[in-house]
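Observations on the model geometry
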Amino acid sequence: DLRMSRGLGDVYKRQTPNHGRIDDLLRMVKEYKVDGVIDCSLKFCCLYDTEKYSVARALKEAGVPVLGLETDYTDTDAEQLRTRIGAFIEMLNNR
């Protein structure tokens, strides 16, 4: 759902530390009835990596599957990303 993608993207645009970030994310997951979250970050960018573990833990505790991806936004990892995302979607479809 494009609305969900935009909404969650807005959460991630905020600067860290953002103590309401996890609460906002959990609220939107519930509001948009999200099946799973793909948390994609730029390799070597510490800005969002600082909260990655906390976000993943909160989502897992809420029963929301999370796929953490890290990329440098070149096409060298495209097939690996495609495989991982495909497997994640397949897992969500089998729930």
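To keep things clear, this report deals only with the structure shown in the data block.

What counts and how
- Residues numbered from 1 in each chain as written.
- Predicted model: local features only at pLDDT ≥ 70, side-chain atom pairs only at ≥ 80, totals over all residues.
- Heavy atoms only, no water.
- Buried < 20%, exposed > 50% of the residue type's maximum accessible area, 1.4 Å probe, protein only.
- Helix = DSSP H or I, 4+ residues; strand = E, 2+ residues; numbered from the N terminus.
- Pairing = 2+ DSSP bridges.
- Salt bridge = Lys/Arg side-chain N within 4 Å of Asp/Glu carboxyl O.
- Polar contact = N/O pair within 3.5 Å; in protein donor to acceptor, adjacent residues only side chain to side chain.
- Contact = heavy atoms within 4.5 Å.

Structural notes on the pairing of strand β1 (residues 37-42)
Burial of the side chains of β1 is restricted to one face: Val37, Asp39 and Ser41 are buried, whereas none of Ile38, Cys40 and Leu42 on the reverse face is. In this structure, β1 lies alongside strand β2 (residues 66-71), joined through six bridges in parallel fashion. Bridge pairing in β2 places serine 41 opposite glutamate 70.

A closer look at the pattern of salt bridges
One pass over the structure, following the stated rule, counts three salt bridges. Between glutamate 31 and arginine 27 there is a salt bridge; the shortest N-O distance is 3.0 Å. A residue pair is termed a helical-turn pair when its members lie 3 or 4 positions apart in one helix, as glutamate 31 and arginine 27 do in helix α2 (residues 21-31) at four residues. What makes glutamate 31 partly exposed here is its relative accessible area of 46%. The residue glutamate 61 makes a salt bridge to arginine 57 at a minimum N-O spacing of 3.9 Å. A residue pair is termed a helical-turn pair when its members lie 3 or 4 positions apart in one helix, as glutamate 61 and arginine 57 do in helix α3 (residues 46-61) at four residues.

A look at the side chain of threonine 71
Among the structural elements, threonine 71 can be located in strand β2. For threonine 71, a relative accessible area of 3% puts it in the buried group. Here the side chain of threonine 71 touches aspartate 77 through a polar contact of 2.7 Å, side chain to side chain. Residues contacting threonine 71, with those up to four places away along its chain left out, are Cys40, Ser41, Leu42, Lys43, Asp77 and Leu81.

Comments concerning unusual backbone geometry
Backbone geometry places lysine 33, a non-glycine residue, at a positive phi of 55 degrees. Of note, lysine 33 is situated in the loop between α2 and β1. The exposure class of lysine 33 is exposed, given its relative accessible area of 69%.

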